[in-house]
Amino acid sequence: METIFESPKNIPGQLLNVADCGVILFGSDCEVKIFNQQALSILEADAKNITIEIQEKIPRLFQLIETCFLEKKHFTNKKIGSEKLTLNINITPVEPKCDVDLVICSFQDASLIESIEQQVDAYKLINRRMESFIDMSFDGIWIVDHNGIVLCTNKASEELHKLKAENIVGMSVYDLAAQGLVERILSDRVLQTKQKLSEFTLINGKQVLATGSPIFDEQGELSFVFINERDMTELNALKEEIENSRMKVDRFQEELKKLRVQEHEQHGIIAESSAMLNVLQTCRKLSRLEVSNILILGESGTGKSMLAQYVHQNSRRSDGPFIHVNCAAIPEMLMEAELFGYEKGSFTGAKAQGKAGLIELAQGGTLFLDEIGDMPLQLQAKLLNYLDDQQFRRVGGTKMHKVDCIILAATNKNLEQLSEEQKFRSDLYYRLSTFPIKLPSLNEHPDDIPPLAAHFIEQYNQQYNLKRKATDAALSQLKLHKYHGNTRELRNMVKKAVILNETDVIDDILKFNDINREAAMPMPSTRDHSSEPTLKERLQAAEKSIFIEILKSRPTTRQIAKKLNIDHSTVVRKLKLHGLSTAGAKKHQA
């Protein structure tokens, strides 16, 4: 018997080598009697030492073999192994026909089986997903093989043809047409021509665009035909619905634009151009977020102060104060006291109880620093400190005052250039310009000129109880003019037109700008001005003599203001105008 098993010419050995799995026959002494080439390959074993290598690599296998011999027990799809090798095995005792007892063990690499199972599961998942994707399509879909057999169809196609998939899958499209289940076959012509074809057809009263696309295999042979059916009836209805929706949106946008214009007019702002609307949209966003350190840039007359009020009125602090500080209008020596306030006795002429500054008055509201480029350099450092921690000391005081307010600033100067020239602190510039807003000049948004002019006409009609109205041509003509003074120049021109026009209908506004220029031109005169002073010169001379007389007693500027019953700032300005000062009063006493 052993000779038969060991002979390479025996028929059982040749048959075992055909199997795609490992096969080993064990004798009752648990020795390997015969094995095939696949067994050696899977176990990576040497034929001469196979029994020893099995004991070393898979000792569990011999336990099962002994159990099989003793108990005549079968093991099916049993997974055993070690860290390096795992096998799926089947062990079966062989009924002896002689004195030899045998057990046959067949096995496969478990990792290979698992890999195959995973691939099968992956293909099943892909197939399920593809079926789901096809069913999700709004269009009807058919897939037909090269013989015209229906392989699948989706729900949209079922509804379109009023057919169930289970009744047509597996059938020939020719049989479906012969039975009257489908009205026209596109796939047969695609199969014949092997080209993509499209046609309009009528299916159950619906106009359908059907498209057939051939699908070829790697050898270039036609394998499938993909049919797509699009219900144009619903698409046309959808197109009409979209068009109606678009018209509604256009109407809503027009109404929204009118509402925005009305909202802007409530704040005194007229804006219809995209340039100004973008500026206002940015301002609304910043104001609703209560963003501070907004720097408004623009030429003189563009409406920087009005835009600052717009930011304030659109914020949640609109009920709070809006403090407008014109840095160019306050004398340099008074600006610190006016802005930050002062304590009692801090300087000569100070109020006994002290005075709160303009920053304190802005608590809970907005502080607008207009013409910030004219703020003195020495005061800019103190303002920067306040911006850092919202705290400051009054002039002559030691107590820190904390004020919570939104800071807005505006200028028509180039602060970046001034900072390079060391005429403006660069750190203050960068702090104030966290959110810069550039107001375009009037020439940059000419579309706003006609509505602005119409708005000014209405204002002056109410002010002067008139009923003036400009023609459309007159309003459009204003767009041709170059405005060096921006909105302020336009307002003045319209004011003259409203007041000076002879009739209620104004057909030319620009001519009143010519009147303005003529009025500014010097008039010819035969009088010798050098021999006789003008009224203005006489008044200035009289004013100067009054100040010279008062300065003889060496008073302070605040004493002069009290004596003349005028503001202290006016005294300072007048002394500067006439070249006088309290320190140099003696030289004028002659």
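Please refer to the structure higher up on the page.
Residues numbered from 1 in each chain as written. Predicted model: local features only at pLDDT ≥ 70, side-chain atom pairs only at ≥ 80, totals over all residues. Heavy atoms only, no water.

1. Some details on a nonpolar patch on the surface
Now for step 1: Taken together, the side chains of Tyr123, Ile126, Met130, Phe133 and Met136 present a nonpolar region at the surface, about 610 Å² in accessible area.
Now for step 2: Summarising the element assignment, Ile126 is placed in helix 6 (residues 110–136). (Patch = residues over 30% accessible without salt bridge, like charges linked within 9 Å, V, L, I, M, F, W, Y side chains within 5 Å. Areas by Shrake-Rupley, 256 points an atom, 1.4 Å probe, with all protein chains shown as cover. Salt bridge = Lys/Arg side-chain N within 4 Å of Asp/Glu carboxyl O. Helix = DSSP H or I, 4+ residues; strand = E, 2+ residues; numbered from the N terminus.)

2. Focus on the pattern of salt bridges
Now for step 1: With the rule as written, the count across this model stands at 20 salt bridges.
Now for step 2: Between Arg317 and Asp404 there is a salt bridge, and its shortest N-O distance comes to 3.1 Å. Placement of the pair is Arg317 in the loop between helix 13 (304–313) and strand 12 (322–326) and Asp404 in the loop between strand 17 (400–402) and strand 18 (406–411), with a sequence separation of 87 residues.
Now for step 3: With relative accessibility at 12%, the residue Arg317 sits in the buried group. (Buried < 20%, exposed > 50% of the residue type's maximum accessible area, 1.4 Å probe, protein only.)

3. As for the packing of helix 19 (residues 449–464) against helix 21 (residues 486–500)
Now for step 1: At their nearest, the axes of helix 19 and helix 21 sit 9 Å apart, and the two run at 50 degrees to each other. Our classification of the angle between helix 19 and helix 21 gives oblique. Seen along the crossing, helix 19 lies across helix 21 with a hand that is right-handed. In contact with Ile449, Leu452, Ala453, Phe456, Ile457, Gln459, Tyr460, Asn461 and Tyr464 of helix 19, helix 21 contributes Thr487, Leu490, Arg491, Val494, Lys495, Val498 and Ile499. (Axes fitted to C-alpha atoms, helices over the stretch in contact; angles between N-to-C directions. Parallel < 35°, antiparallel > 145°, perpendicular 65-115°, else oblique. Left-handed = near helix turned anticlockwise from the far one by under 90°. Contact = heavy atoms within 4.5 Å.)

4. Details of the layout of surface pockets
Now for step 1: Roughly 550 Å³ of internal volume is contained in the largest pocket.
Now for step 2: What lines the largest pocket is a set of 28 residues, and nearest its centre among them are Gly301, Thr302, Gly303, Lys304 and Met306.
Now for step 3: Counting only elements with at least two residues in the lining of the largest pocket, the list comes to helix 13, helix 19 and helix 21.
Now for step 4: Its residues placed into classes, the lining of the largest pocket shows ten nonpolar, twelve polar and six charged. (1 Å grid on protein atoms, 1.4 Å probe; cavity = no way out; pocket = protein on both sides within 12 Å on 5 of 7 lines; lining within 4 Å. Points joined across faces, edges and corners; volume = space filled by probe spheres on them. Nonpolar A, V, L, I, M, F, W, Y, C, P; charged D, E, K, R; others polar.)

5. What to know about empty space enclosed by the protein
In this approach a probe as big as a water molecule rolls over the atoms, and the regions it shows empty are the leftover space.
Now for step 1: With the rule as written, the count across this model stands at one cavity of 30 Å³ or more.
Now for step 2: A volume near 40 Å³ is recorded for the largest cavity.
Now for step 3: Elements represented by at least two residues in the lining of the largest cavity include exactly helix 12 (274–288), helix 13 and strand 18.
Now for step 4: Looking at the lining of the largest cavity residue by residue, the classes come out as five nonpolar, four polar and one charged.

Interpretation in functional terms is not warranted from these geometric data alone.
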